[in-house]
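# Per-entry structural report
Chain by chain, the residues:
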Amino acid sequence: MPKTVSLRPRGAAGPDRPMASLVGLLSEWLPRQRWFAGRDRPVTDLAVLSTTELFPGCLHLLVETGQGGVPAPGGTPPAGACYQLLLGVRKHLAPHLDRAFIGRVREGPLAGAALYDALHDPRSAALLLERLRRPGAAGPLRFEADPAVSLPGGLAPRLLTAEQSNSSLVYGDAYILKVFRRVEPGINPDLEVPGALAAQGCARVPAPVAWFRTTEPRPATLGVLQPFLPDAADGWTLALRALAAGDDFTTQAYELGQATADVHLALGTAIPSAGSGENGHTVAAMTARLEAAARCVPALAPFVPGLRTAFGALDGHDAEPPAQRIHGDLHLGQVLRAGRDWFVIDFEGEPSRPLAERRSAQSPVRDVAGMLRSFDYAARQRRPWRPQWAHRCREAYCAGYADRAGWDPRHKHALLRAHETDRAVYEAVYEARHRPDWLPVPMAAIERLAVRGG
Ligand SMILES: Nc1ncnc2c1ncn2[C@@H]1O[C@H](COP(=O)(O)OP(=O)(O)O)[C@@H](O)[C@H]1O
Ligand SMILES: O=P(O)(O)O[C@H]1O[C@H](CO)[C@@H](O[C@H]2O[C@H](CO)[C@@H](O)[C@H](O)[C@H]2O)[C@H](O)[C@H]1O
């Protein structure tokens, strides 16, 4: 029976040594995980917020990490970030779980046991799906499902090995479960937005069929199960394949523009945001983001005056389309093509921004700019870089967008340039922090936008 468990021996008084042992292991392990946002600094504090025995041998933990010290360039993990962990506990670890090993617990009721990341364990992954198939509670956890969907049992799980901000399990090539790693209070937009779009009849997103959440310490979404598109390829893979083969990508780009506009139009009615327009797209907000980024990424500093001009040019120029809910982190890796259809996934927004900001109404131009930047990224993956390829994709994408949205992003030159600049600044911070080798990609765009104006 699932229950909330204590890792402290019964009747123990004084310092919580078993917990200290667990905390020590996790503090060392967390910064080595791809999905951990603060990998540039050691974990200096770790508090266990909740512990639930999900099934025998599998603990569900919410932990809060603190990181003292000075961040590396671009490293700005928020203080007190909360992470979700599923920990397997076994006396002996089978060789296939070696890469999931966290450490051996030294004291307390679990003394001597091997601790490991249970998402790597097919048995735990299968039991997690079983929990979702039978909605109910486990301590503070709530498992819920769309009553209209009947989930089959016995689907073989596999953990995706792609570079991800979260962890995803694919079940029998039929469903994919995203287990959120960093947890913030409130509904996660990756449940909220696809759910609202599906309810609206928008077929561009895989609709959530089951999910789980916690009620403590504060209500938050923990994971979402959606149909898996088995024959789909992501836009980034397809674009690189086209570039390598010397193939044109304009048909795909045009249809991607149409898909983006379809999602924007559906979102505008699915989640009305009248009166909640945020000002993240104002000159002041973009300039503040630029200045904060330049403090983290010294390479940006020489371009700050030129980029400020790009933002300043916004004032009194193009009329901004109404703010609404958007994707927030749209790029070629967030779109899947199955047959001739584009699907949009991962509505969490830019991972480093606070949830409230990611859920606020923003300019749809931001998404358009994100995808245009992505064509530039793809074109720079090969030498010599292919600016004409990116330019043709850009034209086709905007034409496709205009076909559905009724307005053409190319006609809003100053606006588009400001949003592309804002996005490239975000990318510079992202690359400095996660993939320093890639920093020259956004920096090339920043130089072009700052010096030559677009
Ligand atoms: N519904 C789906 N069908 C097929 N593949 C998917 C689906 N959802 C996600 N994926 C695959 O999983 C990868 C990671 O998903 P994503 O939502 O972007 O996770 P993260 O937020 O952790 O980066 C995607 O790049 C894609 O390859
Ligand atoms: O997919 P995520 O939500 O994890 O998004 C983050 O990582 C992306 C990289 O994986 C990053 O995207 C940047 O690199 C892409 C190529 O790898 C490129 O297509 C994008 O245009 C570029 O922004 C994204 O910014 C970040 O939020």
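Since this is a predicted model, take the numbers as computed values, not measurements.

## Observations regarding the overall build of the protein chain
- Assigned secondary structure in the protein chain consists of 12 helices and 17 strands.
- A compact globule built from 454 residues would reach a C-alpha radius of gyration of about 22 Å, and the protein chain, at 23 Å, matches this within 12%.
- C-alpha extents for the protein chain along the principal axes are approximately 70 × 50 × 45 Å.
- Taking all 454 residues of the protein chain together, 53% fall into the buried category.
- When contacts within the protein chain are restricted to residue pairs at least 6 apart in sequence, long-range pairs at least 24 apart make up 69% of them.
- Accessible surface computed for the protein chain: about 19,100 Å², of which carbon and sulfur atoms make up 54%.

## A word on the packing of aromatic side chains
- Tallied over the full model, the rule gives 11 aromatic pairs.
- The interplanar angle of 75 degrees and the centroid separation of 6.5 Å between the aromatic rings of Phe375 and Trp389 together place this pair among those described as edge-to-face. You can see Phe375 sitting in helix H9 (residues 364-379) and its partner Trp389 sitting in helix H10 (residues 387-405), a full 14 residues away along the chain.
- Taking 5.8 Å as the distance between ring centres and 70 degrees as the angle between the ring planes, the aromatic pair formed by Phe375 and Tyr397 counts as edge-to-face. Residue Phe375 is located in helix H9, and its partner Tyr397 is located in helix H10; the two are separated by 22 residues in the primary sequence. In this pair, the class of Phe375 matches that of Tyr397, namely buried.
- Taken together, the ring pairs connect Trp29, Trp35, Phe36 and Tyr83 into an aromatic cluster.

## Some remarks on the site of ligand 1
- The local shell around ligand 1 holds 16 residues, among which Gln164, Asn166, Lys178, Leu229 and Asp346 are the closest.
- The backbone of Ser165 places a nitrogen or oxygen atom 3.2 Å from an oxygen atom of ligand 1.
- For ligand 1, an oxygen atom lies 3.5 Å from a polar atom in the side chain of Gln334.
- In isolation ligand 1 has 560 Å² of accessible area, and contact with the protein removes 85% of it.
- Residues of the shell around ligand 1, tallied by class, amount to 8 nonpolar, 5 polar and 3 charged.
- Residues lining the shell around ligand 1 come from more than one domain, with at least three contributed by each of domain 2 (141-227) and domain 3 (233-452).

## Focus on the sheet that holds strand E16 (residues 335-338)
- Taken in spatial order, the 3 strands make up an open sheet running E15-E16-E17, and their pairing is antiparallel. Sheet topology places strand E15 (233-234) and strand E17 (341-344) at the edges, where each strand pairs with a single neighbour.

## Thoughts on the domain arrangement of the protein chain
- If you check the domain split of the protein chain, you get domain 1 (17-123), domain 2 (141-227) and domain 3 (233-452).
- Each of domain 1 and domain 2 has a C-alpha centre, and these two points are 22 Å apart.
- The partner domain 2 presents 21 residues to the 20 residues of domain 1 that form the contact.
- Carbon and sulfur atoms make up 63% of the surface buried where domain 1 meets domain 2, a total of about 1,700 Å² over both sides.
- The tally of links from domain 1 across to domain 2 stands at 1 salt bridge.
- Between Asp117 and Arg181 there is a salt bridge, with its nearest N and O atoms 3.1 Å apart.
- Where domain 1 packs against domain 2, one counts 5 residue pairs in polar contact (both at pLDDT 80 or more).
- Looking at the side of domain 1 that touches domain 2, the elements that each hand over two or more residues are strand E2 (45-55), strand E3 (58-66) and strand E4 (81-90).

Thresholds, definitions, all that
- Residues numbered from 1 in each chain as written.
- Chains lettered and ligands numbered in written order.
- Predicted model: local features only at pLDDT ≥ 70, side-chain atom pairs only at ≥ 80, totals over all residues.
- Heavy atoms only, no water.
- Helix = DSSP H or I, 4+ residues; strand = E, 2+ residues; numbered from the N terminus.
- Rg over C-alpha atoms; globule rule 2.2 N^0.38 Å.
- Buried < 20%, exposed > 50% of the residue type's maximum accessible area, 1.4 Å probe, protein only.
- Contact = heavy atoms within 4.5 Å.
- Areas by Shrake-Rupley, 256 points an atom, 1.4 Å probe, with all protein chains shown as cover.
- Phe/Tyr/Trp six-rings, centres within 6.5 Å; stacked < 30°, edge-to-face > 60°.
- Near = heavy atom within 4 Å.
- Polar contact = N/O pair within 3.5 Å; in protein donor to acceptor, adjacent residues only side chain to side chain.
- Nonpolar A, V, L, I, M, F, W, Y, C, P; charged D, E, K, R; others polar.
- Domains from an automatic or database assignment.
- Pairing = 2+ DSSP bridges.
- Buried area = accessible area lost by both parts, 1.4 Å probe.
- Salt bridge = Lys/Arg side-chain N within 4 Å of Asp/Glu carboxyl O.

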